[in-house]
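# Fold and geometry: a report
Here's the letter readout for the chains.
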Amino acid sequence: MNIGIFDSGIGGMTLLHQAMVLMPRENFIFYADTDHVPYGTKSREQVTAYVDEVIRFMAGHDCKAVVIACNTATAVAAERMRSRYSQIPIVGIEPAVKPAVAESEGKRVLVVATPLTVHEKRLRKLVERVDDEHLVDLLELPGLVEFAERGEFVSDNVTAYLRERLSGYALDRYGELVLGCTHFNYFKDTFRALLPLQIHMIDGSLGTVRQLMRVLAARHELLETAEGEGVDWESHKNDICVRYYESGREITDAAKLARIRRLHDRLETMRKL
Ligand code: DGL
């Protein structure tokens, strides 16, 4: 059986990549809903309809679990999808606000995400629950999704965009940056260059993969996992089984598959930052 992982676009590969490293014996289906990317600037009704279509696809493709590798889709649709598709476990990524607040040692926490995630009740409630000292600020960065989908990861335009968006914050007062959109991991090197050294970056992909592992283990459906931090990417990357889809169409084109391999190599570098 398969593990289905999806996002609006290439952002969800952040989570797929982490899952491949920790669960190298599983078979994965990765679905990028490229016909509808971006999700983060659409209405919650539109995104819910897209997510429903993807989960129906996963349910028809022998998936033992589905991972919503999109903070925006989790925020607007996870609960509804769990009751609609009760036969299949659905795990959703969320901004890692709780560990960030716990680790910030009283310094401020900046959560960056899509406009829809920032405006959803789910994130507001999460912040209310864990942010007793009112340390958390929320910032929308929809431009990064567009840069990522264009494959523009490091450029003067990316730097100028981030510099401008971050300019209103006294960054020396911050201890944590929460990457609350899976597309943002592709830009960790630029964030690193712009942020003061004391700011630590955190995202929800490792926590979500660990949650997926717990869910599968409880159902006795988890195949043998890797030790510790996971397998060495270079020596295992060609042996892990993944089928890639763009909005329901399997990707078989050699040039597109080569691009996907390059994205994984970038994500491996970003994962270590
Ligand atoms: N990658 C997605 C997220 O984690 C959404 C990006 C988008 O489509 O706007 O929120």
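Note: the structure precedes this text.
A brief structural summary. Starting from 1, residues in each chain are numbered consecutively following that chain's sequence as written. In view of the model being predicted, local features appear only for residues whose pLDDT reaches at least 70, and side-chain atom pairs are presented and counted only at 80 or more, with totals across whole chains, interfaces and linings using the full set of residues. To obtain the side-chain values, all non-hydrogen atoms of the structure were used and water was disregarded.

## A word on the site of the ligand
Just so we agree on the cut-off: We call a residue near a molecule or strand as soon as one heavy atom of that residue lies within 4 Å of the molecule or strand. Nitrogen and oxygen atoms within 3.5 Å of one another constitute a polar contact, given that in protein one can donate a hydrogen and the other can accept it, and given that sequence-neighbouring residues count only through two side-chain atoms. Using a 1.4 Å probe, the Shrake-Rupley method yields the accessible areas, and only the shown protein chains count as cover for residues. Classification used: nonpolar for Ala, Val, Leu, Ile, Met, Phe, Trp, Tyr, Cys and Pro, charged for Asp, Glu, Lys and Arg, polar for all others including Gly.
If you check the shell around the ligand, you find 13 residues, and the closest are Ser 8, Tyr 39, Gly 40, Thr 72 and His 183. Between the ligand and Thr 72, the relevant distance is 2.6 Å, taken from an oxygen atom to a side-chain nitrogen or oxygen of the residue. His 183 places a side-chain nitrogen or oxygen 2.8 Å from a nitrogen atom of the ligand. Look at the ligand: alone it shows 300 Å² of surface, and the protein chains cover 99% of it. A per-class count over the shell around the ligand returns five nonpolar, seven polar and one charged.

## What about the pairing of strand E2 (residues 27-32)?
Short version of the rule: The buried label applies to any residue whose accessible area, calculated with a 1.4 Å probe on protein chains only, is under 20% of its type's maximum; exposed applies above 50%, and partly exposed to all values in between. Only runs of H or I of at least four residues qualify as helices and only runs of E of at least two qualify as strands under DSSP, and these elements are numbered from the N terminus. Should DSSP find at least two bridges between two strands, the strands are regarded as paired.
Summarising burial for E2: five of the six residues are buried, a large majority. In terms of strand pairing, E2 meets strand E9 (residues 241-246) through six bridges, oriented parallel. Its bridge partner lying in E9, Phe 30 is registered against Tyr 244.

## So, the sheet that holds strand E8 (residues 200-203)
The criterion, for reference: Here an axis means a line fitted to C-alpha atoms, over the contact stretch when the element is a helix, while the angle between two N-to-C directions is reported on a 0 to 180 degree scale.
Read from one edge to the other, the open sheet built from four strands follows the order E6-E5-E7-E8, with strand pairing classed as parallel. Two strands close off the open sheet at either side, each with one partner strand: strand E6 (136-140) and E8. Put simply, the sheet's adjacent strands are angled 25° from each other on average, direction ignored. Two strands pair when backbone bridges link them, and strand E7 (residues 174-179) and E8 are joined in this way by four bridges, in the parallel orientation. Within E8, the position partnered with Leu 177 by the bridge is Met 201.

## A look at the pattern of salt bridges
This is how it is decided: Each reported salt bridge corresponds to a side-chain nitrogen of Lys or Arg within 4 Å of a carboxyl oxygen of Asp or Glu.
Evaluation of the coordinates by the stated rule reveals 19 salt bridges. The salt bridge partner of Lys 237 is Asp 265, with a shortest N-O separation of 3.1 Å. In this pair, Lys 237 is assigned in the loop between helix H11 (233-236) and E9 and Asp 265 in helix H12 (residues 254-271), connecting sequence segments 28 residues apart. Ionic contacts of the salt-bridge type, sharing partners, join the residues Glu 79, Arg 82, Glu 94 and Arg 122 into one network.

## Description of the packing of aromatic side chains
Cut-off, in case you're wondering: Side-chain rings of Phe, Tyr and Trp, where Trp is taken by its six-membered ring, are said to pair if the distance between their centres is within 6.5 Å; with planes under 30 degrees apart they count as stacked, over 60 as edge-to-face, and otherwise as tilted.
Here the structure, examined in full by the defined rule, presents eight aromatic pairs. Residues Tyr 31 and Phe 57 carry aromatic rings whose centres are separated by 5.0 Å and whose planes lie at 70° to one another, so their mutual orientation is edge-to-face. Highlighted residues: Tyr 31 in strand E2 and Phe 57 in helix H2 (residues 44-59), separated in sequence by 26 residues. As far as the burial class goes, Tyr 31 and Phe 57 line up, both buried. Note on Tyr 169 and Tyr 174: the rings are 6.1 Å apart at their centroids and 80° apart in plane angle, and the pair reads as edge-to-face. A relative accessible area of 22% means that Tyr 169 is categorised as partly exposed. Judged by its relative accessible area of 4%, Tyr 174 is buried. Grouping aromatic residues by their ring pairs yields a cluster made of Tyr 31, Phe 57 and Tyr 245.

## Remarks on the nonpolar core
One broad rule of soluble globular proteins: the nonpolar side chains tend to lie buried together. As a reminder, the rule being used: We define the nonpolar core as a collection of buried residues of types Ala, Val, Leu, Ile, Met, Phe, Trp, Tyr and Cys that are connected through side-chain atoms lying within 4.5 Å of one another.
Judged by nonpolar contacts, the single largest core of 57 residues is most densely connected at Ile 5, Met 23, Phe 28, Leu 144 and Phe 191. In terms of residue count, helix H1 (residues 13-22) provides more of this core than any other element does, seven residues in total. Within the second largest apolar cluster, 25 residues are counted, among which are Ile 55, Ile 68, Cys 70 and Tyr 85.

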